[in-house]
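Examining the three-dimensional arrangement
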Amino acid sequence: MNFDLKTLPLSTAAAEKCDLLVVLVPEGFKPASDALSTLVAHALKQADLETKPGKHLSLYQAPAVAARRLVLAGAGNGSPRHVRQALQGCAAALKTPQVKRAAIVFAGAAQPDAVGAAVMALADASYAYTATKSKAEPRMLGRVTVGVPDAAAVREAFVRGTGVAAGVEFAREWANRPANHATPTLLADAAKALAKASNMQCKVHGPAEVARLGMGSFMAVARGSEEPLRFIELHYSGAGKGVAPVVLVGKGITFDTGGISIKPAAEMDEMKFDMGGAASVLGVFKALAELKPAINVVGLIPACENMPDGRAVKPGDVVTTMNGLTVEVLNTDAEGRLVLCDALTYAARFKPAALVDIATLTGACVVALGGLRSGLFATDEALARQLEQAGDAALDPCWRMPLDDEYADSLKSNFADLGNVGGRAGGAITAAKFLQRFVGDTPWAHLDIAGTAWKGGAAKGGTGRPVGLLVHYLLDVARTPAVAPKAAGRRTATAGSKPVRAAAR
Ligand code: BES
Ligand code: MN
Ligand code: ZN
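Owing to the predicted nature of the structure, the values given are computational and were not obtained by experimental measurement.

**What about the sheet that holds strand β4 (residues 69–74)?**
Spatially, 6 strands are ordered β1-β6-β5-β2-β4-β3 in an open sheet, and the strand pairing comes out mixed. At either end of the open sheet lies a strand with only one pairing partner, and these are β1 (2–7) and β3 (56–60). If you compare each strand with its neighbour and ignore which way they point, the axes differ by 20 degrees on average. Where strand β2 (residues 20–25) and strand β5 (residues 101–106) come together, 5 bridges link them in parallel fashion. The residue of β5 that forms the bridge with Leu 21 is Ala 103. Lying on the sheet, helix α3 (residues 80–89) is in contact with β2, β3, β4 and β5; it crosses β2 at an angle near 145 degrees.

**A word on the pattern of salt bridges**
Under the criterion given, the structure shown has 19 salt bridges. Put simply, Lys 263 and Asp 333 hold a salt bridge, and the shortest N to O gap is 2.9 Å. Of this pair, Lys 263 sits in the loop between β10 (252–256) and α10 (276–291) while Asp 333 sits in the loop between β13 (326–328) and α11 (336–347), and the two are 70 residues apart along the sequence. Close ionic contact of Asp 476 with Arg 479 constitutes a salt bridge, the shortest N to O distance being 2.6 Å. Placement of the pair is Asp 476 and Arg 479 together in helix α15 (residues 467–479), with a separation of 3 residues, close to one helical turn.

**Here's the deal with the domain arrangement of the chain**
Entries for the chain in the domain assignment read domain 1 (2–148) and domain 2 (170–483). Taken residue by residue, the interface counts 10 residues in domain 1 and 8 residues in domain 2. Between domain 1 and domain 2, a total of about 880 Å² is buried, with carbon and sulfur atoms accounting for 58% of that surface. In this structure, Asp 124 engages Arg 172 in a salt bridge whose closest nitrogen and oxygen atoms are separated by 3.0 Å. For the side of domain 1 that touches domain 2, the secondary-structure elements that each account for two or more residues are α3 and α5 (112–126).

**Some remarks on the pairing of strand β15 (residues 374–378)**
Counted residue by residue, β15 has 5 buried out of 5 residues, so it is predominantly covered. Burial along β15 is two-sided: Ser 374, Leu 376 and Ala 378 facing one way and Gly 375 and Phe 377 facing the other are all buried. As judged from the 3 bridges shared by β15 and strand β16 (residues 398–400), these two strands associate in the parallel manner. Among the inter-strand pairings, Ser 374 is bridged to a residue of β16, identified as Cys 398.

**Considering the coordination of the zinc ion (ligand 3)**
Within the protein, Lys 251 (NZ), Asp 256 (OD), Asp 274 (OD) and Glu 335 (OE) serve as the donor atoms for the zinc ion (ligand 3), at 2.0 to 2.4 Å. Here the zinc ion (ligand 3) binds 6 donor atoms, and the angle range of 78 to 174 degrees at the metal identifies the geometry as octahedral. Binding-site remark: the zinc ion (ligand 3) is held by donors from one chain whose sequence spacing is K-x4-D-x17-D-x60-E.

About the criteria used
Residues numbered from 1 in each chain as written. Chains lettered and ligands numbered in written order. Predicted model: local features only at pLDDT ≥ 70, side-chain atom pairs only at ≥ 80, totals over all residues. Heavy atoms only, no water. Pairing = 2+ DSSP bridges. Helix = DSSP H or I, 4+ residues; strand = E, 2+ residues; numbered from the N terminus. Axes fitted to C-alpha atoms, helices over the stretch in contact; angles between N-to-C directions. Contact = heavy atoms within 4.5 Å. Salt bridge = Lys/Arg side-chain N within 4 Å of Asp/Glu carboxyl O. Domains from an automatic or database assignment. Buried area = accessible area lost by both parts, 1.4 Å probe. Buried < 20%, exposed > 50% of the residue type's maximum accessible area, 1.4 Å probe, protein only. Donors = N, O, S within 2.8 Å, 3.2 Å for Na, K, Ca; no water. Tetrahedral: all angles 85-135°; square planar, octahedral: opposite > 155°, others 65-115°.

Written out as structure tokens, the structure is:
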């Protein structure tokens, strides 16, 4: 999708050559004297149009309007949330096959974040999955002009919106692809293709290297599958070599049957989305390639299938993780934490300023928070605040969950250093406590996106979350001035030379 931003008052918007013109009409709309403004004012006066977001009025060949189709859409108070709701309400008009070129114009002040939200909502509405359909309908909407009273004032937010939209779309696409079209190997190929961009590098570790690294826990999950595991390592270098990176770790279970602790058949197809964390890391790198912020980011993806098999890991098996801790696999369906723990151990070698993992980790998190907010767990207050604020700004919200040490009591095992499951109670929290054992002193956050990474039912599909949250966070970090290292060379996360840049602590 191609977006462009223009300074476009309503009078000029009327002359914009396109198939569809959408006018976002906020509360307290002040009409000028041009024909389109007058039309809007009349519609409001007659109560044929309401400014409530989601309400709209469709017109055809309106006089003095160049576009055949015209939609007047209520934009509420003009906030990002209301603008998104307004455009979601126009989704059908935006998806009409005849509409190849559209213009969206703010008929009032345009808040920068609302312009970003508009771009994301438009990209969202125009996405269509086609990868495995034999009669792929080509994407209809190809070009969108966003018209605002003052383009220069919102340019930055607009550009960010286009970057995030590209990342979200990339994440949705990979999440949506069926497990036989999104194997660990294919995910690694996608990462390699991304790394063709400047400032990017990708290393893919196969089974032999992962064995050499001692990732016994990750390997145990992959044992039951014919598909070879991949450990994907992406690097984006937008800042100096000495600047400590933010490390993102995405759960990449390309299909989760549950393993020997097998899941029931109903809705098991949705476990192709169990690589949603990995997809979001790929999506973030897609956005980084476009936006090129001054920051260093490492992306780590342990990717494999969780399958039942004669060779599969069994309940009661004890595995040795990369950091030496032993784990009793009490339930093979709690596999996410088993692949993540080794990736978190590996992450320490980059001396991260902040370490954030993203995982479709627990059904318990879906029960706790539903599909609106991702679960946020964090050992570092500043990092937690930054992620919460980024989520709010990106309309991709999360909610802080607790990490009291008592929650780890249920992870005790009679036969290993820890078990991989607690009881049913507080399942999202005990999963996070398990991960916490592997992060040491690094400022760490865990996003449980089991409820937010995809939608079930008629609208089944990946959401691209939490790419918006993560990109907003990383851009905030890039804006925070780096503190000059005391001495030349690599800064470390040890006391005395705290890498203040990324976590802004
Ligand atoms: N991938 C699932 C989590 C999940 C379940 C996400 C349902 C979305 C919807 C994860 O691997 C899993 O199976 N978790 C178990 C953990 C349990 C065995 C402790 C769960 O949540 O049931
Ligand atoms: Mn599972
Ligand atoms: Zn899983």
